[in-house]
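What follows is each chain in one-letter form.
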Amino acid sequence: MENPKQLAIIVPAYNEEEILKQSAKTLVDLLQSLIEDKLIAANSYICFVNDGSRDQTWQIIEELSQESKYIKGIKLARNFGHQSALLAGLFEMQAELYVSIDADLQDDEKVIREMVLQNNGGFDVVYGVRAKREVDGFLKRATALGFYKLMALMGVQTVYNHADFRLLSNRAVEALKQFPETNLFLRGLVPLIGFVSTSVFYNRKARLAGETKYPLRKMLSFAWEGITSFSVQPLKIATVMGFLMCFVSFILLLYSLWAHYYGHTESGWTSLIFSIYFLGGVQLFCIGIIGEYMGKVYKEVKHRPRFIIEKKL
Ligand code: UDP
Ligand code: MG
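Residues numbered from 1 in each chain as written. Chains lettered and ligands numbered in written order. Predicted model: local features only at pLDDT ≥ 70, side-chain atom pairs only at ≥ 80, totals over all residues. Heavy atoms only, no water.

A few points about the overall build of the protein
Cut-off, in case you're wondering: Per the convention used, a helix needs a DSSP run of H or I reaching at least four residues, while a strand needs a run of E reaching at least two, with both numbered from the N terminus. Between the two quantities, the radius of gyration covers C-alpha atoms and the globule rule is 2.2 Å times the number of residues to the power 0.38. Residue burial is assigned from relative accessible area. The probe radius is 1.4 Å, only protein chains are included, and a residue is buried under 20% of its type maximum, exposed over 50%, and partly exposed in between. Every residue pair with non-hydrogen atoms within 4.5 Å of one another is taken to be in contact. Accessibility throughout is a Shrake-Rupley quantity obtained with a 1.4 Å probe, and a residue counts as covered only by protein chains that appear here.
Per the secondary structure count, the protein includes 10 helices and 7 strands. For 313 residues, the compact-globule formula gives about 20 Å, and the C-alpha radius of gyration of the protein, at 26 Å, lies well above that figure. Projecting the C-alpha coordinates of the protein onto the three principal axes gives extents of approximately 90 × 50 × 35 Å. Within the protein, the proportion of its 313 residues that are buried is 46%. The contacts of the protein with a sequence gap of at least 6 include a subset with a gap of at least 24, amounting to 82%. A total accessible area of about 17,200 Å² is found for the protein, and carbon and sulfur atoms account for 60% of it.

Below, the structure written as C-alpha cells:
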C-alpha cells in the first residue's frame, strides 16, 4: 500500500474490567501486525469508550493508555448505552477509517484485516456479518431470528446477522453526523447513508469473561427502539384493523337481518349488535387516520438529511 490510512478501532466498554486487558492486548497485537504489513498508518490507534462503568473499567483504560501509545480513551459522563457510546467514539475521534467492535471481542477481530482490504477496494462501509450462531443458546438464536424477521416485516432495512461490528470510512462517519436523532439504532441508520458497502463473514465466539450487558429485557427494548425509530408501520395497524372491522360488521349486518327475519332474535338485538361492531370499526379507523398523520409528523421532526452527496466534480 502506498499511503496506508489511519485506522481508529472504537470499543465501547461498560463494566468490562474482567476482559479489558486481554482485549486490549489482542487488539494492539492486531494493530501492530496491520501496521507492519503497511495496511494501515503507523499512527492508527484503539479508543475505548467507557460508558459510565461502575467497576474498574476506566482506571484500566487509563493504565493501558499510559502503557501503550496505541491506546486512547473517552469517558462518558454516565451510562448512555452501547449505541451512544459507539457514536461518541466515532464522532469525537479523528481518523480516516473507523472500525467498531465490542469490548468482549466476540466478533472476530481477525477479519478487521479483511475489512481494511475491502476499504482499499473502494468500499466506504464494510459490515461484519456472522456466518453461524453456534455459540448462542436457543433463546438468543430464536429471538435474534425473530428480530430480523420482524424488522423486515416492518420495512426497516437492516443487514441480516450484522450487529455493530463494521468499518466506516471518514466520509461515512461525516454523513452519519447529519442524522440528528436521539433515538439511536445505528444498524438501521448506516444503510441509509447509501455509500457502496460490502460484507465480510466470521463466526462469533463466546464471551471470554464477564457476562452479557444485554439481558433479554434490554434486547427487547432495543428491538422496539429499532422498529419505532424506523417504521410507522405500527401506527398503520389501527387503520387496517378498523377497515377490517367495518367490513366484518357489514357481514354481521347481513347475518343479523337474516336472524331477525326468521325470528331467532330478541327485539333490539339486530340493531344493537350491528352498531357495536360498526362503531368499533369506525373508531379504530379514525384512530388509524390520526396515526397516519402522527407518522408524518414523526418523520418530519427527525430532520433526517434528505440527501447525502457521494461525489462532487
Ligand atoms: N455496552 C455499553 N453500554 C451499555 C451496555 C453495553 O457500552 O450500556 C457495551 C459492552 O461493554 C460491549 C458491547 O456494548 O462492549 C456489547 O455488549 P455485550 O457484549 O454485553 O452484548 P452481547 O454481545 O451479549 O449482545
Ligand atoms: Mg458481547
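Comments concerning the state of the cysteines
Note the following rule: Note that a disulfide, as used here, is simply two cysteine sulfur atoms within 2.5 Å.
Using the criterion set out here, one finds 0 disulfides in the structure. With no disulfide partner, cysteine 246 has as its closest neighbouring cysteine sulfur the one in cysteine 286, 8.5 Å distant.

Here we look at the layout of surface pockets
For clarity, the threshold we go by: Buriedness for pockets is judged along seven lines, at least five of which must meet protein on both sides within 12 Å for an open set on the 1 Å grid over protein atoms alone, while cavities are sets there where a 1.4 Å probe fits but cannot get out, and lining residues have an atom within 4 Å of a point. Grid points are joined across faces, edges and corners, and a volume is the space filled by probe spheres set on the points. In the scheme used here, Gly and all other residues not listed as nonpolar or charged are polar, with Ala, Val, Leu, Ile, Met, Phe, Trp, Tyr, Cys and Pro taken as nonpolar and Asp, Glu, Lys and Arg as charged.
When its volume is computed, the second largest pocket comes out at roughly 240 Å³. Along the walls of the second largest pocket sit 15 residues, with Ser229, Phe230, Ser231, Lys299 and Arg304 positioned nearest its centre. Of all the secondary structure elements, the ones that give two or more residues to the lining of the second largest pocket are α7 (186-193), α8 (216-230) and α10 (269-301). Taken together, the residues that form the lining of the second largest pocket break down as 6 nonpolar, 6 polar and 3 charged.

As for the coordination of the magnesium ion (ligand 2)
Quick note on the threshold: Note: metal donors comprise N, O and S atoms at 2.8 Å or less from the metal (3.2 Å for Na, K and Ca); water molecules are not included, so apparent gaps in a site are possible.
Listed as protein donors to the magnesium ion (ligand 2) are Asp104 (OD) and Gln106 (OE1); their distances from the metal cover 1.9 to 2.0 Å. We classify aspartate 104 as buried; its relative accessible area is 3%. Since its relative accessible area comes to 12%, glutamine 106 is described here as buried.

Focus: the site of ligand 1
We count it as follows: Throughout, the term near means that a residue has one or more heavy atoms lying within 4 Å of the molecule or strand in question. The definition of a polar contact used here is a pair of N or O atoms within 3.5 Å, where within protein one atom must be able to donate a hydrogen and the other to accept one, and adjacent residues in sequence count solely through side-chain atom pairs.
Taken together, 19 residues lie near ligand 1, and Glu16, Asp51, Asp104, Thr212 and Lys213 sit nearest. A distance of 2.6 Å separates a nitrogen atom of ligand 1 from a polar atom in the side chain of aspartate 51. Within the backbone of alanine 103, one N or O atom sits 2.8 Å away from an oxygen atom of ligand 1. Contact with the protein chains removes 95% of the 530 Å² of surface that ligand 1 exposes when unbound. Classifying every residue of the shell around ligand 1 gives 5 nonpolar, 5 polar and 9 charged.

Just distances and angles here, no functional claims.
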